[in-house]
Amino acid sequence: MSSQRAPQGKLNSLRVRLILSALLLILLLLPTIGFALNNAFKQQVMTNVREQLSAYLYSVLAVAEMEEGKLYMPEALLENQFNVIGSGLYAIIDRQVNNQNNSDRQVNNQTDSDRQGSNQTDSDRQGGAASDIEPLWSSNSFLGLNLTSPLPHPKVGRSEFGELVLEQQPHLIYSFSVRFAPAEPQSQSAPITVHIIKDLDGVTQQISAFSQHLWSWLLVLMLVLLAIQFAWLAWTLKPLARFRLELGQVQRGEAEELSGHYPNELQAVAKQLNTLLSTEQRQRSRYRNALSDLAHSLKTPLAVIQSQKDLSPTSLEQVGQINRTIGHQLKRAQSAAGNAWHLGTKISLVSDKLLRTLVKIHPGIQLVYGKPPEEEHIFYGDQSDLTEMLGNLLDNACKAASSRVELSIESQQGKLTISVEDDGAGISPEQRQTILERGKRADTYEKGHGIGLAIVRDLVDSYQGTLHISQGKILGGARFELIFDQQFAR
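In short, a report on the structure.

Procedures and definitions
Residues numbered from 1 in each chain as written. Predicted model: local features only at pLDDT ≥ 70, side-chain atom pairs only at ≥ 80, totals over all residues. Heavy atoms only, no water. Helix = DSSP H or I, 4+ residues; strand = E, 2+ residues; numbered from the N terminus. Buried < 20%, exposed > 50% of the residue type's maximum accessible area, 1.4 Å probe, protein only. Contact = heavy atoms within 4.5 Å. Patch = residues over 30% accessible without salt bridge, like charges linked within 9 Å, V, L, I, M, F, W, Y side chains within 5 Å. Areas by Shrake-Rupley, 256 points an atom, 1.4 Å probe, with all protein chains shown as cover. Salt bridge = Lys/Arg side-chain N within 4 Å of Asp/Glu carboxyl O. Expected span 1.5 Å × (residues − 1). Arc of directions from axis to C-beta. Axes fitted to C-alpha atoms, helices over the stretch in contact; angles between N-to-C directions. Parallel < 35°, antiparallel > 145°, perpendicular 65-115°, else oblique. Left-handed = near helix turned anticlockwise from the far one by under 90°. Phe/Tyr/Trp six-rings, centres within 6.5 Å; stacked < 30°, edge-to-face > 60°. Pairing = 2+ DSSP bridges. Polar contact = N/O pair within 3.5 Å; in protein donor to acceptor, adjacent residues only side chain to side chain.

Moving on to the overall build of the protein. On a plain count of helices and strands, the protein comes out with 10 helices and 14 strands. Per-residue burial for the protein yields a buried fraction of 38% across its 490 residues. Within the protein, contacts between residues separated by at least 24 positions form 66% of all contacts whose residues are at least 6 apart in sequence.

To continue, consider a nonpolar patch on the surface. Residues Leu25, Leu29, Ile33 and Leu37 make up a contiguous nonpolar surface patch of about 340 Å² in total accessible area. Tracing the backbone shows Leu29 in helix α1 (residues 14-63).

Here we take up the environment of Leu311. Its place among the elements puts Leu311 in the loop between α5 (264-306) and α6 (313-333). The exposure class of Leu311 is partly exposed, given its relative accessible area of 25%. Not counting chain neighbours up to four residues away, the residues in contact with Leu311 comprise Ile305, Gln306 and Leu316.

For helix α7 (residues 347-361), spanning 15 residues, the distance from its first C-alpha to its last is 21 Å, which sits close to the expected 21 Å at 1.5 Å a residue. Of the positions making up α7, those classed as buried are Ile347, Ser348, Val350, Ser351, Leu354, Leu355 and Leu358. Viewed along the axis of α7, the buried residues span an arc of 160°, placing them on a single side of the element. Opposite the buried face of α7, by more than 90 degrees, sit the exposed residues Leu349, Lys353, Arg356 and Lys360.

Bringing the packing of α7 against helix α8 (residues 383-400) into the picture now. When two helices pack together, their arrangement is given by the angle between the helix axes and by the axis-to-axis distance. Axis separation between α7 and α8 bottoms out at 10 Å; the angle between their running directions is 40°. Looking at the two axes, α7 sits oblique to α8. Crossing of α7 against α8: the hand is right-handed. The segment α7 lies against α8, with Ile347, Val350, Ser351, Leu354, Leu355 and Leu358 engaging Gln383, Leu386, Thr387, Leu390, Gly391, Leu394 and Asp395.

With that settled, consider the packing of aromatic side chains. How two aromatic rings sit relative to each other is set out by the distance from centre to centre and by the angle between their planes. All chains considered together, the criterion is met by 9 aromatic pairs. With a centroid separation of 6.4 Å and an interplanar angle of 90°, the aromatic rings of Tyr463 and Phe484 are classed as edge-to-face. Here the residue Tyr463 occupies a position in the loop between α10 (452-462) and β13 (466-471), and Phe484 occupies one in strand β14 (residues 478-485), the gap between them amounting to 21 residues. Like Phe484, Tyr463 is buried. Taken together, Phe379, Tyr463 and Phe484 form an aromatic cluster joined through their ring pairs.

An order of β9-β11-β12-β14-β13 is seen for the 5 strands of this open sheet, with the pairing classed as mixed. Looking at the sheet topology across the chains shown, the edges are occupied by β9 (366-371) and β13. Averaged over all pairs of adjacent strands, the angle between strand axes in this sheet comes to 20°, irrespective of strand direction. With 8 bridges connecting them, strand β11 (residues 404-412) and strand β12 (residues 415-422) associate as antiparallel partners. If you follow Glu410 over to β12, its bridge partner there is Thr417. Its contacts with the sheet put α7 on β9, β11 and β12, and the angle it makes with β9 is roughly 155°. Docked against the sheet, α8 engages β9, β11, β12 and β14, running at close to 25° with respect to β12.

In this section: the side chain of Ser139. Among the structural elements, Ser139 can be located in the loop between β4 (133-138) and β5 (159-166). With a relative accessible area of 1%, Ser139 lands in the buried category. Within polar-contact distance, the side chain of Ser139 engages the side chain of Ser141 at 2.8 Å. For Ser139, the contacting residues outside a window of four places in its chain are Phe82, Leu89, Tyr90 and Ala91.

The next thing to look at is the pairing of β5. Regular strands have side chains that alternate between both faces of the sheet. Examined bridge by bridge, β5 and strand β6 (residues 169-178) share 8 bridges and lie antiparallel to one another. The residue bridging Phe161 from the neighbouring strand is Tyr174, located in β6. In this structure, the hairpin formed by β5 and β6 is closed by a connection of 2 residues, where Glu167 is found at a positive phi of approximately 55°.

For the rest of this paragraph, the subject is the sheet that holds strand β3 (residues 89-96). Pairing is antiparallel in the open sheet, where 5 strands are placed in the order β4-β3-β7-β6-β5. Where the open sheet ends on each side, the last strands, each with one partner, are β4 and β5. Across the sheet, the mean angle separating the axes of adjacent strands is 30° when strand polarity is ignored.

Turning to the pattern of salt bridges, a few remarks are in order. What the rule picks out here adds up to 7 salt bridges. Across the salt bridge formed by Arg95 and Glu134, the nearest N and O atoms sit 3.1 Å from each other. Of this pair, Arg95 sits in strand β3 while Glu134 is found in strand β4, placing the two residues 39 residues apart along the sequence. Classification of Glu134 as partly exposed rests on a relative accessible area of 28%. Close ionic contact of Glu481 with Arg479 constitutes a salt bridge, the shortest N to O distance being 3.3 Å. Note on Arg479: relative accessible area 19%, which makes it buried. Salt bridges sharing partners connect three or more residues here, namely Glu421, Arg479 and Glu481.

Turning to unusual backbone geometry, a few remarks are in order. For Glu167, which is not glycine, the phi dihedral falls at a positive 55°. Along the chain, Glu167 turns up in the loop between β5 and β6. Of note in the backbone geometry, Gln168 takes a positive phi value of approximately 60° without being a glycine. Of note, Gln168 is situated in the loop between β5 and β6.

Remember that the coordinates give geometry; whether it matters functionally is a separate question.
Structural data, given as structure tokens:
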């Protein structure tokens, strides 16, 4: 059994990765769409406002008349907002009356995207050219208001749209410069500029209301998409959860193979795993049968040799030693060990049976649980191997104990710990180290630690576990502790 483990961590989970990917997609995509829609709506609103102001401007120009350099306007305009004081919609007409060169220079400097024209106007005013801009007319709605910023003056036939601060409040302004045809063909009239100013509050409220509704619906959509994503992930990963559940059942010995029907991607894996399990079980069965036949074929000649009356005591001792060695090696070879990862054995079934049996064999010893096994305590290996290890440790402890032996079973953080402690004389540190050295025979030590410890040591090594020998803290005698890694699929 390989001791390598899969890397631990939340990001190692497919479920967590898919959830994080879905969250990242939703949290990036929806806000991006929201900003794009909000910006597109704002641009559309500003375009509509510009067209609206352009329509107002042409309605003002339609009723304007210029005779002999004088502008004539009706008392009331068709759009009623121009007639109501402080309505938020204003119209202003002015003209440039300076000489032609300065006029052309100023007109050329005024463009839709260049603010230098306003700076030039300020400079001209500071130089005493305040009379260059002559107010001609303003709508009734503009009464009581004062301009604190210069108005733009684009070239003749051009328009300019932008923002203007009026009475410390932001406004939108649309300006258009025209030149009326003179009464006499030889003369040339000065151009006039029509300005339509609109309060920005209405536009801002419209954009703000749209933004509020947009983000509210996007939030609802985000929650709906998250719910759909979680439901979709649960449905998509359901076969994996079932696969994991059945794998755990096989591991605990509750099932011999995976029996579920899975999607095509998992069905091939399940089929191959079932084939592997079946093949391993058949091979182990054939291997054990062959070893059993070998044991019988060897024991029969040895029994015949031992029955000979003319054998010396030395020969009989050697034959007995050969017999014990063969038994030990056969038990070691028959161990399921790492090939039986899918075999699950409930520890309580084995330990309870051993305690009942050993109490009868050693009636003078009190054999009890220090920490009894729980229902979920499982040894992932062959039942006969667990019986062999526990039986040898408990039997040795009973032989070495004065009156009491305790068996404790614990499972914490994927580690199964089995400890056997007695109240005997214990094992010295020098003997502990020698016993655990590879190649040393455990039956050369004190009573109670015979060849069975060699079997235990080999079985523990075959399961890649560890065997610790120490002095017991509770009873004071020897303490044997077996630790196995139980990190498997759950």
